[in-house]
Amino acid sequence: MAVLIQYLSAKVGLVTGSSLPELLGDRLPRGWRLAYWVQAELVAAATDLAEVIGGAIALHILFGIPLLAGGVIVGVISMLLLVLQTRRGPRFFEFVVTGLLAIVTAGFVTGLFFGPVSWDEAVAGIVPRFEGTPTVLLAASMLGATVMPHAIYAHSALARDRHGHSVPAEALPRLLTATRWDVLLSLLVAGSVNIAMLLLAAGNLAGVPGTDSIEGAHAAITAALGPAVGVAFGIGLLASGLASTSVGSYAGSAIMGGLLHVRIPVFTRRLITLIPALVIIAVGVDPTWALVLSQVLLSLGIPFALIPLVRLSSNRDLMGAFVNKVALTVAAWVVVALIVSLNLALIILTATGAD
């Protein structure tokens, strides 16, 4: 689903020369535009919350830094990355984020070489199934962390910024083909990392007490596989937080600029979005639970980005010869239906108090 969605987002940015927020800002009346902006900003803020907390936990794991101080450090580093992106352009920003993601991959996959995995049971575990409301909550959280609505907004803007507002028509087929491969390979790596983390946990942490928190999981991994793997896990978590919070801030800037036609300095914006995460850390909210709930909020925000994306990319007047083919449109609406169904199931189960 993420491959399809991210391709459509980049495609809209390349073909139209506008980001998804800009296209919506030009089409929505003022009242709806403001309401849409509020929910999109909440999604971007949830991303910041999760990644600042994740980075703070990583610094605590690696160096014993208190969570609040770690959150400040992560925020400052992400500000520097965004300043570099503003001064050096999107290609440099992509290069830095790609480097961070390479570290993430190495950090989270390393443990598989040291811990046993039952591959027969792993294949059986691919079949989706639920065991009560808590597992639906976790599924929605994983969906939000994988598809990420802020990345839908950001990818359309990044594709536009990288190739310009007006790409020659003769160059578009080649660019769209390259984009398909780029998205497919990138998300294949990302999906592999996610699966590697699940396999690592299932193979080495099953039944181990205390692994319902990131710190507990790290301690268990260190005890089971050695301190080197524990350090690699912490470094991967830190790189993940730095990469994602930078992308979240970039997405927030694209959302505000496109919907409200207002741009504020990157430094100011990053400072504003950093405050809620630091407040949550300071008041002592359980960081792992805050991470889960923030990703659930991302899942609930996906349809608000995805439905307009599918409609715009299927609009022949807007997309011309590059409008979605019928099969692609049908696949996209099936994805919408699946995501909305999961979110509705979570809301209904939560509201009714079902187990």
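Reading guide: rules and limits
- Residues numbered from 1 in each chain as written.
- Predicted model: local features only at pLDDT ≥ 70, side-chain atom pairs only at ≥ 80, totals over all residues.
- Heavy atoms only, no water.
- UniProt positions renumbered as here; feature names shortened; annotations may be inferred.
- Axes fitted to C-alpha atoms, helices over the stretch in contact; angles between N-to-C directions.
- Helix = DSSP H or I, 4+ residues; strand = E, 2+ residues; numbered from the N terminus.
- Parallel < 35°, antiparallel > 145°, perpendicular 65-115°, else oblique.
- Left-handed = near helix turned anticlockwise from the far one by under 90°.
- Contact = heavy atoms within 4.5 Å.
- Nonpolar A, V, L, I, M, F, W, Y, C, P; charged D, E, K, R; others polar.
- Core = buried A, V, L, I, M, F, W, Y, C linked by side-chain atoms within 4.5 Å.
- Buried < 20%, exposed > 50% of the residue type's maximum accessible area, 1.4 Å probe, protein only.

- Per an unreviewed UniProt entry, the protein goes by Manganese transport protein and derives from Kocuria marina subsp. indica.
- Within the UniProt record for the protein, the comment given under Subcellular location (unreviewed entry) is "Membrane".

### Remarks on the packing of helix H1 (residues 2-16) against helix H13 (residues 287-313)
Then step 1. Contact geometry of H1 with H13 gives a least axis separation of 10 Å together with a crossing angle of 55 degrees. Compared by their axis directions, H1 and H13 come out oblique. Between H1 and H13 the crossing geometry is left-handed. Taken together, the residues of H13 that come into contact with H1 (itself represented by Ile5, Leu8, Ser9 and Val12) are Leu306, Leu309, Val310 and Ser313.
Then step 2. Looking at the contact of H1 with H13 residue by residue, the class counts come to six nonpolar, two polar and no charged.

### What about the packing of helix H3 (residues 30-63) against H13?
Then step 1. Look at H3 against H13: their axes get within 9 Å of each other, and the N-to-C directions meet at 150 degrees. The two elements H3 and H13 meet at a crossing, and its hand is left-handed. Contacts between H3 and H13 pair Tyr36, Gln39, Leu42, Val43, Ala46, Thr47, Leu49, Ala50, Ile53, Gly54 and Ile57 from the former with Pro287, Ala290, Leu291, Ser294, Gln295, Leu297, Leu298, Gly301, Phe304, Ala305 and Pro308 from the latter.
Then step 2. Residues that form the contact of H3 with H13 fall into these classes: 16 nonpolar, six polar and no charged.

### What to know about the nonpolar core
Then step 1. If you look at the biggest cluster of nonpolar residues, it comprises 45 residues, and the most contacted ones within it are Ile5, Leu8, Leu20, Tyr153, Leu306, Leu309 and Ile339.
Then step 2. Here this core takes nine residues from H1, the largest share from any one element.
Then step 3. Core analysis: the next-biggest nonpolar cluster, separate from the first, contains 38 residues, Leu59, Val104, Phe233 and Ala239 among them.

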